[in-house]
Amino acid sequence: MQLVFLGPPGAGKGTQAAILARELGIPQISTGDMFRAAVRDQTPLGREAQRYMEAGQLVPDEVTIGIVEERLRADDCRDGFILDGFPRTVPQAEALDRILAAAGRPLDRAVEFAIEEEEVVRRLAGRRTCSECGAVYNIYTRPPRQAGVCDSCGGPLAQREDDREETVRARLAVYGQQTAPLIGYYKESGRLVRIDASRTPGEVTAALKEALGVA
Ligand code: AMP
């Protein structure tokens, strides 16, 4: 199954993509994670991406499309994939359609994770991520057993630089201006599925699987 997950930052796309990808045996492809790894390693890509990410802005389309195109050519994408955080602009969505059409395998569905802005701000302010394995927690709604320590691997939990309030507001504005129009793009072509993402993670997973017919 070839899927795109859409929704504002903090909607739970990454959490749900990780669960569904594991169950379906397909990779979760997060452009945000790819950029964060490049920033950590200070590669040329990372150095370019860093200044946009720190400002809450999008990395330019040509850079982002290039890394996704290369990633989709990898062997593990043969049976499908979940794109989490890509596309984020109409030109990215058009490029993805072109890439998949050239491979003769069109996208199956775009899933919209629908949620109110205030709920997103609350979630992002509480979000903590394991610096070692990337597991995601929330100090209000999904705290680790021991404060600051990852349940899975014991690694230290940190707040993402771009989850600070000022950057969150910039990211939400960018979402409204550049990414929200994608909902119309996928709706018009009959590929959109809408999920209420304000519910608990377990409820969202159940709704997602039912909507995709993989329950
Ligand atoms: P995320 O983890 O998906 O919230 O992404 C974190 C940051 O990485 C974003 O705020 C952007 O700066 C950058 N980024 C991730 N995905 C994309 C994309 N598809 N297009 C442009 N920039 C992106």
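Residues numbered from 1 in each chain as written. Predicted model: local features only at pLDDT ≥ 70, side-chain atom pairs only at ≥ 80, totals over all residues. Heavy atoms only, no water.

Draft legend 1. Spatial organisation of the sheet that holds strand β5 (residues 127-130). Reading across the sheet, the three strands line up as β6-β5-β7 and stay open at both edges, with antiparallel pairing between neighbours. Every interior strand has two partners, whereas the edge strands, β6 (136-138) and β7 (157-158), have only one. For β5 and β7, the ladder comprises two bridges, and the chain directions are antiparallel. Considered in β7, the bridge of Cys130 is made with Leu157. (Pairing = 2+ DSSP bridges. Helix = DSSP H or I, 4+ residues; strand = E, 2+ residues; numbered from the N terminus.)

Draft legend 2. Focus on the site of the ligand. In the vicinity of the ligand there are 16 residues, among which Thr31, Arg36, Gln57, Gly85 and Gln92 approach most closely. At 2.6 Å from an oxygen atom of the ligand is found a main-chain nitrogen or oxygen belonging to Gln57. Arg171 is positioned with one of its side-chain polar atoms (N or O) 3.2 Å from an oxygen atom of the ligand. Taken by itself the ligand offers 480 Å² of open surface, and the protein chains cover 95% of this. Sorting elements by how many residues they give to the shell around the ligand places helix α2 (residues 31-40) first, with four residues. Residue composition of the shell around the ligand, by class: five nonpolar, six polar and five charged. (Near = heavy atom within 4 Å. Polar contact = N/O pair within 3.5 Å; in protein donor to acceptor, adjacent residues only side chain to side chain. Areas by Shrake-Rupley, 256 points an atom, 1.4 Å probe, with all protein chains shown as cover. Nonpolar A, V, L, I, M, F, W, Y, C, P; charged D, E, K, R; others polar.)

Draft legend 3. Layout of the nonpolar core. Membership of the largest hydrophobic core comes to 28 residues, with the highest contact counts inside it found for Val4, Leu6, Leu72, Phe81, Leu83, Leu96 and Tyr186. Broken down by secondary-structure element, the contributors of at least two residues to this core are β1 (2-6), α2, α3 (44-54), α4 (61-72), β3 (81-84), α5 (90-102) and α8 (181-188). Contacts of Leu96, omitting those with residues within four sequence positions, involve Val4, Leu72, Leu83, Phe86, Pro87, Leu107 and Tyr186. Of all hydrophobic cores here, the second largest spans 22 residues; its members include Ile82, Ile115, Leu172 and Leu212. (Core = buried A, V, L, I, M, F, W, Y, C linked by side-chain atoms within 4.5 Å. Buried < 20%, exposed > 50% of the residue type's maximum accessible area, 1.4 Å probe, protein only. Contact = heavy atoms within 4.5 Å.)

Draft legend 4. Highlighting the side chain of Arg191. Looking at where Arg191 falls in the secondary structure, it is placed in the loop between α8 and β8 (192-196). For Arg191, a relative accessible area of 15% translates into the label buried. Of note is the side chain of Arg191, whose polar atom sits 2.9 Å from the side chain of Ser189. In this structure Arg191 touches Asp97, Leu107, Arg109, Ala110, Tyr185 and Tyr186, once residues within four positions along its chain are discounted.

Draft legend 5. Representation of the pairing of β3 within the structure. Alternating residues of β3 divide into Phe81 and Leu83 and Ile82 and Asp84, and every residue in both groups is buried. Bridge count for β1 against β3 is four bridges, and the pairing is parallel. Bridging across to β3, Leu3 finds its partner in Ile82. Across three bridges, the pairing between strand β2 (residues 28-30) and β3 is parallel. From the neighbouring strand, Ser30 faces β3, where its bridge partner is Asp84.

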